[in-house]
There are 2 protein chains.
Amino acid sequence: MKDGKAGGVQAVTRALTLLRLLGGGSEGQRVTDLAQEAGLAVSTTHRLLTTLEQAGFAHFDPTGATWHVGREAFAVGAGYLQRRSYVAPALTYLRRLRDDTRETANLGHLEDGQLVTLHQVESREIMRAISPPGGRVPATCSAMGKALLATWPDAQIAEFCARHGVLTMTPRSVSTEAELHRQIGTIRARGYAVDDEEHARGLRCVAAAVRGPDGEAVCAISVSAMAVRLGDDRVEEVARRVIAAAEALTHRIGGAPAAG
Amino acid sequence: MKDGKAGGVQAVTRALTLLRLLGGGSEGQRVTDLAQEAGLAVSTTHRLLTTLEQAGFAHFDPTGATWHVGREAFAVGAGYLQRRSYVAPALTYLRRLRDDTRETANLGHLEDGQLVTLHQVESREIMRAISPPGGRVPATCSAMGKALLATWPDAQIAEFCARHGVLTMTPRSVSTEAELHRQIGTIRARGYAVDDEEHARGLRCVAAAVRGPDGEAVCAISVSAMAVRLGDDRVEEVARRVIAAAEALTHRIGGAPAAG
DNA sequence: AACGCCTTTCCGCATCGTGGAAAGCTTTGC
DNA sequence: GCAAAGCTTTCCACGATGCGGAAAGGCGTT
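Residues numbered from 1 in each chain as written. Chains lettered and ligands numbered in written order. Predicted model: local features only at pLDDT ≥ 70, side-chain atom pairs only at ≥ 80, totals over all residues. Heavy atoms only, no water.

## Re the protein's contact with DNA strand C
- Close contacts around DNA strand C come from 18 residues, with A:Ser43, A:Thr44, A:Arg47, B:Gln10 and B:Thr32 the closest.
- In DNA strand C, atoms within 4 Å of the protein come 73% from sugar and phosphate.
- Elements that contribute at least two residues to the surface near DNA strand C include exactly α1 (10-24) and α3 (42-54) of chain A together with α1 (10-24), α2 (31-38) and α3 (42-54) of chain B.
- Its residues assigned to classes, the surface near DNA strand C shows eight nonpolar, seven polar and three charged. (Near = heavy atom within 4 Å. Helix = DSSP H or I, 4+ residues; strand = E, 2+ residues; numbered from the N terminus. Nonpolar A, V, L, I, M, F, W, Y, C, P; charged D, E, K, R; others polar.)

## Looking at the interface of chain B and chain A
- Listed by partner, the interface residues are 61 residues for chain B and 54 residues for chain A.
- Regarding the contact of chain B and chain A, the summed buried area is about 5000 Å², with carbon and sulfur atoms giving 59% of it.
- When the area that chain B buries against chain A is broken down by residue, the three leading residues are B:Arg83, B:Arg124 and B:Glu125, summing to 15%.
- Between chain B and chain A we count 13 residue pairs in polar contact (both at pLDDT 80 or more) in total.
- Sorting the residues of the side of chain B that touches chain A by element identifies α1, α3, β2 (66-69), α4 (71-82), α5 (87-101) and β4 (114-121) of chain B as the ones contributing at least two each.
- Here the side of chain B that touches chain A is built from residues that sort into 24 nonpolar, 17 polar and 20 charged. (Contact = heavy atoms within 4.5 Å. Buried area = accessible area lost by both parts, 1.4 Å probe. Polar contact = N/O pair within 3.5 Å; in protein donor to acceptor, adjacent residues only side chain to side chain.)

## Comments concerning the packing of α2(B) against α3(B)
Residues and elements named next belong to chain B.
- Here α2 crosses α3 at 105°, and the two axes come no closer than 9 Å. When the axes of α2 and α3 are compared, the pair comes out roughly perpendicular. Across the interface between the two elements, Val31, Leu34 and Ala35 of α2 pack against Val42, Thr45, His46 and Leu49 of α3.
- Across the contact of α2 with α3, the residue classes tally to five nonpolar, two polar and no charged. (Axes fitted to C-alpha atoms, helices over the stretch in contact; angles between N-to-C directions. Parallel < 35°, antiparallel > 145°, perpendicular 65-115°, else oblique.)

## Let's talk about the nonpolar core
- Counting 72 residues, the largest nonpolar core has A:Phe57, B:Phe57, B:Leu107 and B:Ile221 as the members making the most contacts within it.
- Core analysis: the second largest hydrophobic core is formed by 25 residues, A:Ala225, A:Val238, A:Ala239 and A:Ala245 among them. (Core = buried A, V, L, I, M, F, W, Y, C linked by side-chain atoms within 4.5 Å. Buried < 20%, exposed > 50% of the residue type's maximum accessible area, 1.4 Å probe, protein only.)

## Some thoughts on the pattern of salt bridges
Residue and element names in this part refer to chain A.
- One pass over the structure, following the stated rule, counts 35 salt bridges over all chains.
- Its salt-bridge partner being glutamate 198, residue lysine 146 comes within 2.6 Å of it at the nearest N-O pair. Here lysine 146, found in helix α6 (residues 143-149), pairs with glutamate 198, found in the loop between β6 (193-196) and β7 (203-211); they are 52 residues apart in sequence, far enough to count as distant. In this structure, lysine 146 and glutamate 198 share a single accessibility class: buried.
- Residue aspartate 154 is joined to arginine 188 by a salt bridge in which the shortest nitrogen-to-oxygen separation is 3.1 Å. Remark: arginine 188 occurs in helix α8 (residues 177-190) and aspartate 154 occurs in helix α7 (residues 154-164); sequence separation between them is 34 residues. (Salt bridge = Lys/Arg side-chain N within 4 Å of Asp/Glu carboxyl O.)

## Brief notes about the packing of aromatic side chains
- Counted according to the given criterion, the structure contains five aromatic pairs over all chains.
- Plain terms: the ring middles of A:Phe74 and B:Tyr80 are 5.0 Å apart, the flat faces sit at 20° to each other, and that makes the pair stacked. Here A:Phe74 is found in helix α4 (residues 71-82), whereas its partner B:Tyr80 is found in helix α4 on a different chain. Grouping residues by exposure puts A:Phe74 and B:Tyr80 together as buried.
- Plain terms: the ring middles of B:Trp152 and B:Phe160 are 5.9 Å apart, the flat faces sit at 75° to each other, and that makes the pair edge-to-face.
- For B:Phe160, a relative accessible area of 8% gives the class buried.
- The lysine or arginine in question, B:Arg84, covers the ring of B:Tyr80, its NZ or CZ lying 4.3 Å from the ring centre. (Phe/Tyr/Trp six-rings, centres within 6.5 Å; stacked < 30°, edge-to-face > 60°. Lys NZ or Arg CZ within 6 Å of the ring centre and 35° of its normal.)

## So, the environment of B:Val194
Residue and element names in this part refer to chain B.
- Relative to the helices and strands, valine 194 is located in strand β6 (residues 193-196).
- Take valine 194: its relative accessible area is 22%, and that puts it in the partly exposed class.
- In the structure, valine 194 is positioned 51 residues away from alanine 143 in sequence and 5.1 Å away in space, judged by C-alpha atoms.
- The contacts of valine 194, once residues within four sequence positions are left out, are Ala143, Lys146, Gln183, Cys205 and Val235.

## Focus on the pairing of strand β2 (residues 66-69) of chain A
Residue and element names in this part refer to chain A.
- Looking at chain direction, strand β1 (residues 58-61) and β2 are connected through four bridges and run antiparallel. The partner of aspartate 61 across the bridge, within β2, is threonine 66.
- The turn linking β1 back onto β2 is made up of four residues, and glycine 64 within it adopts a positive phi angle of 95°. (Pairing = 2+ DSSP bridges.)

## Considering the domain arrangement of chain A
- When the domains of chain A are assigned, the result is domain 1 (10-80) and domain 2 (84-252).
- Computed from C-alpha atoms alone, the centre-to-centre distance between domain 1 of chain A and domain 2 of chain A is 44 Å. (Domains from an automatic or database assignment.)

## Some thoughts on the sheet that holds strand β5 (residues 136-138) of chain B
Residues and elements named next belong to chain B.
- Strand order in the open sheet formed by six strands is β5-β4-β3-β8-β7-β6, and the pairing between neighbours is antiparallel. Pairing within the sheet leaves two strands with one partner each, and these edge strands are β5 and β6. Here the average twist between neighbouring strands, direction ignored, is 30°.
- In terms of strand pairing, β4 meets β5 through three bridges, oriented antiparallel. When the sheet's bridge partners are listed, leucine 115 is paired in β5 with valine 137.
- Its contacts with the sheet place helix α9 (residues 232-252) against β3 (104-111), β6, β7 (203-211) and β8 (217-226), and it is angled at close to 25° to β7.

Set out below in structure tokens:
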């Protein structure tokens, strides 16, 4: 047929066109109108819609005989957002970050008060990272953890401390709630968090939070390096790149830069 | 063929199955695996995926040769939410509810006898939601579902049972119509509904209905938490907050507090 | 260099989707 | 209250269209 482009499965292409019309159009569309808009025969349209309904992607409202987007379509779309959809798109930015800084770039999120490293792009210079993917650290001992905490309201942070305590891993780790709150203030002002040998001796990290579509922080990006290679003079430059990566990823996953 | 159910357009049904797999499965799936999961020939799967990609519903990542849900799928799903004018205003109240209770706050509505979770603001303490956005549960196994049913006249509830049956998900789920009617009475008297491990073992929810301008219940708000974290002593306090949130949203969308 | 495992393309066959036509079903006008 | 209009829904014979086995093309591994 002359359905415009070849290559695809006709019936499927048509069904998807209808699905798009259902999602984009005004509320409650009738078979005849949909058929016209899609340029299909009414009977064909009806058959396709019925099929979409059987799969839960379309919904038919008997009162008024109108068609709507179904729950499955929503479920699939929601999966697109929620299903850790930031890991795959993050890879590009992590890699660039690693190449720009020549240090290890990390992606992590919070789980039960701990920071879990989800992915890591290793520095080509230095061997073996301290915290491999899957590794866990108390949130307050990690730059990524602190960057994420800093996006929370103060009351939540206090609650977090009450629940999990303020755990330490090195003599330099944040050890009191007051100290944590002080640091959080700095993090919010600067837009990035620093871990200065608070997780492991000789290791420094710089991190920034990534936000999801609803403005909530979903994960964080960091650069970690041997402290000797990441002096005070270099932190700001690295931080700038980390923030840029975090913002780029925020944008990429349809995130809102500011929270509510 | 013996594709389970007849009536639908084969190619479309199959394509939708793939789409669901893309949305539901782990991120980044290969053709071979998808084919196996869907019970299709590899070549067929590949052709259907290609078609989905042409329409923007699937996305192919050349590095790693993996398939992902596409932007169009998300766009269509978003239409599902946009169409419901109460979703956007609800976010504020959900977030506040989460912050006040430190548990996960949910928004849901009924479709085809099932409760569909529309939005979720996750507890910061606990990860992994049982029922993520897009997820469905039989209405009677859910606090939100029961809260909504309770706003209906008895005759309609009876009809609902006749149509959908009284489905159960755990040994604690409501299993008879009589039991349901008893609970509905309690819900009406108290103003809130409880799901005590009736949907998933170890999970408790407290929900209240939100009404639209015509006094009809349009959606429900709930707080869900691990049962150990939501003891009998805490239910009343949480319920008070859930009801407040539901009333606030009712008011916000110009709803009438009481039914006709 | 040869293997194994995967993606991608090809092609002949018959299955499956197609659209016109006709049958149901409401709503509207008189 | 009846008829006509306009819609949804079902039916069916035809042939275009999607099917899947097989083969070709890539890529990493042994």
